[in-house]
Amino acid sequence: MSQPLRIGVAGLGTVGAGVLQVLDRHAALIAHRCGRPITVTAVSARHKGRDRGIPLAGMTWHDDALSLAADPNVDVVVELIGGADGIAAALVEAALNAGKSVATGNKALIAKHGERLAALAGAKGVALRFEAAVAGGIPVIKALSEGLAANSLSRVYGILNGTCNYILTEMEYTGRAFEDVLAEAQQLGYAEADPSFDVDGIDTAHKLAILTSVAFGTPLDFESIHVEGIRAITPMDIEFAAELGYRIKLIGIATHGEKGLLQRVHPCLVAADKAIASVNGVFNAVVAEGDFVGQTVYQGRGAGAGPTASAVVADLIDIAQGHVHPVLSPPVEGRSAKNLSMDTHEGRYYVRLSVDDQPGVIAEIAAALRDESVSMEELLQRPNGSGQPVSFVMTTHEVVEARMMRALARIAKLPFIAEKPDVIRIETF
Ligand SMILES: NC(=O)c1ccc[n+]([C@@H]2O[C@H](COP(=O)([O-])OP(=O)(O)OC[C@H]3O[C@@H](n4cnc5c(N)ncnc54)[C@H](OP(=O)(O)O)[C@@H]3O)[C@@H](O)[C@H]2O)c1
């Protein structure tokens, strides 16, 4: 058997400890698959004395994670600290500069600096792998970059944040409000103390930026993504959606065609009989559509020690087998990377309005819609208590986003509108 591949692991938290466990428990299997063992020779974390439930004997401890890049007994650096900048970014850059391959689960880092780091890895002839950065245990980066490589992909989308999917699923099953379920998710450890990265859609956008680039060969472009989170979703929306035959999911969607590229993250109404609508709780799903293969669907656990470590170790096995080809390929010639604005999106809409109960309301709303060529499809109304505003929901036929938003802005100013209109896009996957 050949020389072992020597690994230095920075970060021994949920994922780092999981990686050490997988490498230990499946040492023989992994050595067989790679034709050589994978050995952890060095580690780094903040607190040396912390009990992590894993033996660290025989591994060199580095107080400064950056020094893993210069450790002569480390061939490959595994970055599992997190954060788009700071020590994680410095370590990955130093390791690549030192001619060492890197595996990371850090979506924020790849979404922000992936382009530059991939170019550096390419120049040094080493690998930069990040399977764990998108959809945890689902091997979607490999599926897109290798399994579907024969196709021209037109659309990729998915439920990419388990925290949001857990919250929406719980809201649906229990009828509780967003804040209530979020507080419970924080207690259970499914949501961070500062949940904004998750619930405001930023984490989904980081992952979508990476998926887009891998799927279409376009430059990584996080900044152009239209991002909305799930804070505004109410139990009433979920009820109305169910009555109309839909479920509400936070979805990241990228489409690439002749006109250009549109990346968007927002809550969607998805027909209840679609595969993606039944992905519940902390599970993730990704759907990719290619010209020859048609639609492919991937589903699994998007986070947690086991699934994420499974993805990191798969990258290490690839590297041990000598596969250092770039995952973020240079932009494909002739494929437009022009970014389309959200205003150009064409789709159907769900609008919930709360209005004072008086004659002529529907006529004025209908006029605002008519003037922007928005055509109503369905209308649902809830009975109201006397003197209370009336809640009703309408869905529209397909219309350009800019027109829909202009109509809504006008409706919002009508004197009988009791609350800001609530709008959710309907996706026909
Ligand atoms: N958790 C998941 O399910 C999941 C899923 C997909 C991707 N990821 C990504 O994987 C990465 C790690 O996530 P995690 O959940 O494992 O995080 P975590 O549990 O918070 O662990 C972070 C680790 O980094 C160490 N660390 C922090 N600052 C450091 C520094 N300056 N120098 C050296 N080590 C430092 C911490 O040390 P101490 O332990 O000593 O404090 C800890 O061991 C992140 O990029 C995350 O986005 C996580």
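Residues numbered from 1 in each chain as written. Predicted model: local features only at pLDDT ≥ 70, side-chain atom pairs only at ≥ 80, totals over all residues. Heavy atoms only, no water.

A. Region of the structure containing empty space enclosed by the protein. One pass over the full model with this rule turns up 1 cavity of 30 Å³ or more. By volume, the largest cavity is sized at about 60 Å³. Lining of the largest cavity is provided by Ala118, Ala121, Gly122, Val126, Ala127, Leu128, Phe130, Val324, His325, Pro326, Val327 and Leu328. The greatest single-element share of the lining of the largest cavity, amounting to 3 residues, is contributed by helix α4 (residues 107-124). A per-class count over the lining of the largest cavity returns 10 nonpolar, 2 polar and no charged. (1 Å grid on protein atoms, 1.4 Å probe; cavity = no way out; pocket = protein on both sides within 12 Å on 5 of 7 lines; lining within 4 Å. Points joined across faces, edges and corners; volume = space filled by probe spheres on them. Helix = DSSP H or I, 4+ residues; strand = E, 2+ residues; numbered from the N terminus. Nonpolar A, V, L, I, M, F, W, Y, C, P; charged D, E, K, R; others polar.)

B. Representation of the packing of helix α6 (residues 162-174) against helix α7 (residues 178-188) within the structure. Remark: α6 packs on α7, axes separated minimally by 9 Å, with the N-to-C direction vectors making an angle of 125 degrees. Classified by the angle between their axes, α6 and α7 sit oblique to one another. Relative to α7, the crossing made by α6 is right-handed. Within the contact between the two elements, α6 uses Tyr166, Ile167, Glu170 and Met171 and α7 uses Phe178, Val181, Leu182, Glu184, Ala185 and Leu188. Residue composition of the contact of α6 with α7, by class: 8 nonpolar, no polar and 2 charged. (Axes fitted to C-alpha atoms, helices over the stretch in contact; angles between N-to-C directions. Parallel < 35°, antiparallel > 145°, perpendicular 65-115°, else oblique. Left-handed = near helix turned anticlockwise from the far one by under 90°. Contact = heavy atoms within 4.5 Å.)

C. Representation of the nonpolar core in the model. If you look at the biggest cluster of nonpolar residues, it comprises 79 residues, and the most contacted ones within it are Phe130, Leu144 and Ile167. Considering each element in turn, this core owes the most residues, 8 residues, to helix α9 (residues 202-216). When neighbours within four sequence positions are excluded, phenylalanine 130 is seen to be in contact with Thr104, Ile110, Ile141, Ile210, Val214, Asp315, Val327 and Leu328. (Core = buried A, V, L, I, M, F, W, Y, C linked by side-chain atoms within 4.5 Å. Buried < 20%, exposed > 50% of the residue type's maximum accessible area, 1.4 Å probe, protein only.)

D. View of the pattern of salt bridges. A full pass over the atoms with the stated rule returns 25 salt bridges. A salt bridge links glutamate 172 to arginine 247; the shortest N-O distance between them is 2.9 Å. Note that glutamate 172 is positioned in helix α6 and arginine 247 in strand β9 (residues 246-256), a separation of 75 residues in sequence. Residue arginine 247 is classed as buried on the basis of its relative accessible area, which comes to 11%. Between aspartate 203 and lysine 207 there is a salt bridge; the shortest N-O distance is 2.6 Å. One end of the pair is aspartate 203 and the other is lysine 207, both in helix α9 and 4 residues apart, which spans about a single turn. The exposure class of aspartate 203 is buried, given its relative accessible area of 5%. Here the salt bridges do not stand alone but share partners, grouping Arg129, Lys142, Glu146 and Asp318 into one network. (Salt bridge = Lys/Arg side-chain N within 4 Å of Asp/Glu carboxyl O.)

E. View of the pairing of strand β11 (residues 283-290). Of all 8 residues in β11, 7 are buried; the element is thus mostly enclosed. In this structure, strand β7 (residues 153-159) lies alongside β11, joined through 6 bridges in antiparallel fashion. When the sheet's bridge partners are listed, valine 156 is paired in β11 with alanine 288. Relative to strand β12 (residues 294-301), β11 runs antiparallel, the two being bridged by 8 bridges. Looking at β12, one finds that asparagine 284 is bridged to glycine 300. Here β11 hands over to β12 after 3 residues, the two strands then running antiparallel side by side. (Pairing = 2+ DSSP bridges.)

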